[in-house]
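Overview (structure and organization)
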Amino acid sequence: QVQLVESGGGLVQAGGSLTLSCAASGRFFKINTMSWYRQAPGKQRELVAAITSGGNTNYADSVKGRFTISRDNAKNTVYLQMNILKPEDTAVYLCNADVLQTVLTRPYGFWGQGTQVTVSS
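Residues numbered from 1 in each chain as written. Predicted model: local features only at pLDDT ≥ 70, side-chain atom pairs only at ≥ 80, totals over all residues. Heavy atoms only, no water.

What follows covers the environment of glycine 109. Along the chain, the position of glycine 109 falls in strand E10 (residues 108-111). Measuring from C-alpha to C-alpha, the distance between glycine 109 and leucine 20 comes to 19 Å, with 89 residues separating the pair along the chain. Those residues within four positions of glycine 109 in sequence are excluded, and the remaining contacts are Asn96, Ala97 and Asp98. (Helix = DSSP H or I, 4+ residues; strand = E, 2+ residues; numbered from the N terminus. Contact = heavy atoms within 4.5 Å.)

If you want it as C-alpha coordinates, here you go:
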(Lines give C-alpha, C1' and ligand atoms only; values in the text may rest on other atoms or scores of the structure.)
Protein backbone atom coordinates (compact mmCIF):
# COMPACT_ATOMS: atom_id res chain seq x y z
CA GLN A 1 0.00 0.00 0.00
CA VAL A 2 0.97 3.63 -0.51
CA GLN A 3 0.03 6.41 1.89
CA LEU A 4 0.27 10.17 1.44
CA VAL A 5 0.49 12.28 4.59
CA GLU A 6 -0.15 16.00 4.25
CA SER A 7 0.67 18.85 6.58
CA GLY A 8 0.84 22.64 6.63
CA GLY A 9 -2.75 23.71 6.08
CA GLY A 10 -4.36 26.38 8.19
CA LEU A 11 -5.79 29.88 8.39
CA VAL A 12 -3.87 32.81 6.95
CA GLN A 13 -4.60 36.44 6.15
CA ALA A 14 -4.74 37.64 2.56
CA GLY A 15 -1.26 38.47 1.32
CA GLY A 16 0.33 35.94 3.64
CA SER A 17 2.20 32.73 2.96
CA LEU A 18 1.76 29.07 3.72
CA THR A 19 3.73 25.93 2.87
CA LEU A 20 2.15 22.52 2.35
CA SER A 21 4.02 19.22 2.56
CA CYS A 22 3.06 15.75 1.38
CA ALA A 23 5.16 12.70 2.21
CA ALA A 24 4.68 9.33 0.52
CA SER A 25 5.29 6.12 2.43
CA GLY A 26 4.80 2.42 1.86
CA ARG A 27 6.11 -0.04 -0.65
CA PHE A 28 6.69 1.16 -4.19
CA PHE A 29 9.28 1.14 -6.93
CA LYS A 30 9.13 4.74 -8.10
CA ILE A 31 7.05 7.90 -7.85
CA ASN A 32 6.53 9.65 -11.15
CA THR A 33 4.61 12.93 -11.17
CA MET A 34 3.50 14.48 -7.87
CA SER A 35 0.89 17.19 -7.84
CA TRP A 36 -1.41 19.39 -5.80
CA TYR A 37 -5.12 19.77 -6.50
CA ARG A 38 -7.69 21.90 -4.74
CA GLN A 39 -11.45 21.87 -4.39
CA ALA A 40 -13.68 24.58 -2.97
CA PRO A 41 -17.37 24.12 -2.08
CA GLY A 42 -19.52 24.28 -5.19
CA LYS A 43 -16.55 24.12 -7.52
CA GLN A 44 -14.90 21.31 -9.42
CA ARG A 45 -11.51 19.98 -8.44
CA GLU A 46 -8.67 21.69 -10.26
CA LEU A 47 -4.99 21.03 -10.75
CA VAL A 48 -2.88 23.63 -8.97
CA ALA A 49 0.66 22.48 -9.72
CA ALA A 50 2.54 19.38 -10.79
CA ILE A 51 6.16 18.28 -10.84
CA THR A 52 7.74 15.33 -12.59
CA SER A 53 10.43 13.09 -11.16
CA GLY A 54 12.92 15.04 -13.26
CA GLY A 55 11.84 18.40 -11.86
CA ASN A 56 9.70 19.77 -14.69
CA THR A 57 6.81 21.85 -13.34
CA ASN A 58 3.39 23.02 -14.45
CA TYR A 59 1.06 25.55 -12.80
CA ALA A 60 -2.50 26.70 -13.09
CA ASP A 61 -2.71 30.20 -14.53
CA SER A 62 -4.36 31.45 -11.35
CA VAL A 63 -1.31 30.65 -9.21
CA LYS A 64 1.60 31.35 -11.56
CA GLY A 65 4.10 33.68 -9.96
CA ARG A 66 2.69 33.09 -6.49
CA PHE A 67 3.01 29.35 -5.84
CA THR A 68 6.09 27.15 -6.17
CA ILE A 69 6.07 23.36 -6.25
CA SER A 70 9.18 21.37 -5.38
CA ARG A 71 10.12 17.86 -4.33
CA ASP A 72 12.74 15.97 -2.40
CA ASN A 73 13.07 12.56 -3.99
CA ALA A 74 15.21 11.22 -1.15
CA LYS A 75 12.35 11.97 1.26
CA ASN A 76 9.56 11.10 -1.20
CA THR A 77 8.04 14.46 -0.37
CA VAL A 78 6.43 17.21 -2.43
CA TYR A 79 6.00 20.79 -1.23
CA LEU A 80 3.82 23.70 -2.23
CA GLN A 81 5.03 27.15 -1.23
CA MET A 82 2.10 29.56 -1.45
CA ASN A 83 2.76 33.29 -1.38
CA ILE A 84 0.54 36.36 -1.72
CA LEU A 85 -2.47 34.26 -0.84
CA LYS A 86 -5.92 35.45 -1.88
CA PRO A 87 -9.38 34.60 -0.49
CA GLU A 88 -10.11 32.73 -3.72
CA ASP A 89 -7.28 30.33 -2.84
CA THR A 90 -9.45 29.00 0.00
CA ALA A 91 -10.04 25.29 -0.61
CA VAL A 92 -9.19 21.78 0.45
CA TYR A 93 -5.79 21.01 -1.01
CA LEU A 94 -5.18 17.42 -2.08
CA CYS A 95 -1.88 15.73 -2.77
CA ASN A 96 -1.61 13.24 -5.61
CA ALA A 97 1.22 10.89 -6.52
CA ASP A 98 1.53 8.80 -9.66
CA VAL A 99 3.20 5.67 -8.30
CA LEU A 100 4.87 2.75 -10.00
CA GLN A 101 4.39 0.13 -7.28
CA THR A 102 6.48 -2.58 -8.93
CA VAL A 103 8.70 -2.68 -11.98
CA LEU A 104 6.06 -4.69 -13.89
CA THR A 105 2.98 -2.74 -12.77
CA ARG A 106 1.39 0.20 -14.56
CA PRO A 107 1.46 3.50 -12.63
CA TYR A 108 -1.50 4.28 -10.38
CA GLY A 109 -2.58 7.55 -8.84
CA PHE A 110 -2.85 7.81 -5.04
CA TRP A 111 -4.51 10.61 -3.10
CA GLY A 112 -3.96 12.19 0.27
CA GLN A 113 -6.98 12.99 2.42
CA GLY A 114 -6.62 16.73 1.96
CA THR A 115 -5.76 19.70 4.11
CA GLN A 116 -7.86 22.84 4.54
CA VAL A 117 -6.41 26.20 3.53
CA THR A 118 -8.47 29.24 4.49
CA VAL A 119 -7.48 32.76 3.45
CA SER A 120 -9.27 35.59 5.19
CA SER A 121 -9.83 39.02 3.67
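The next point concerns the state of the cysteines. In the structure shown here, the tally under the stated rule is one disulfide. Here cysteine 22 pairs with cysteine 95 through a disulfide, and the sulfurs are 2.1 Å apart. Between cysteine 22 and cysteine 95 the disulfide shows an S-S torsion of about -85°. By sign, it is left-handed. Taken together, the positions of cysteine 22 in strand E3 (residues 18-26) and cysteine 95 in strand E9 (residues 91-100) put the pair 73 residues apart, joining distant regions of the chain. The pair formed by cysteine 22 and cysteine 95 is uniform in burial state, with each residue classed as buried. (Disulfide = S-S within 2.5 Å. Buried < 20%, exposed > 50% of the residue type's maximum accessible area, 1.4 Å probe, protein only.)

With that settled, the discussion passes to the pattern of salt bridges. Across all of its chains, the model carries four salt bridges by this definition. Its salt-bridge partner being arginine 38, residue aspartate 89 comes within 3.0 Å of it at the nearest N-O pair. With aspartate 89 in the loop between strand E8 (77-82) and E9 and arginine 38 in strand E4 (residues 30-39), this residue pair connects regions lying 51 residues apart in the sequence. On the accessibility criterion, aspartate 89 (1% relative accessible area) is buried. Classification of arginine 38 by relative accessible area gives buried; the value is 6%. Arginine 66 serves as the salt-bridge partner of aspartate 89, at 2.8 Å between the closest nitrogen and oxygen. A residue pair is termed long-range when its members are at least 10 positions apart, and aspartate 89 in the loop between E8 and E9 and arginine 66 in the loop between strand E6 (57-59) and strand E7 (67-72) qualify at 23 residues. (Salt bridge = Lys/Arg side-chain N within 4 Å of Asp/Glu carboxyl O.)

It is characteristic of soluble globular proteins that their nonpolar side chains tend to be buried jointly. Judged by nonpolar contacts, the single largest core of 31 residues is most densely connected at Trp36, Leu80, Met82 and Tyr93. When contributions to this core are tallied by element, the ones reaching two or more residues are strand E1 (2-7), E3, E4, strand E5 (46-51), E7, E8, E9 and strand E11 (115-120). When residues no more than four places from it in sequence are discounted, the contact partners of leucine 80 are Leu18, Thr19, Leu20, Trp36, Val48, Ala49, Phe67, Thr68, Ile69 and Tyr93. (Core = buried A, V, L, I, M, F, W, Y, C linked by side-chain atoms within 4.5 Å.)

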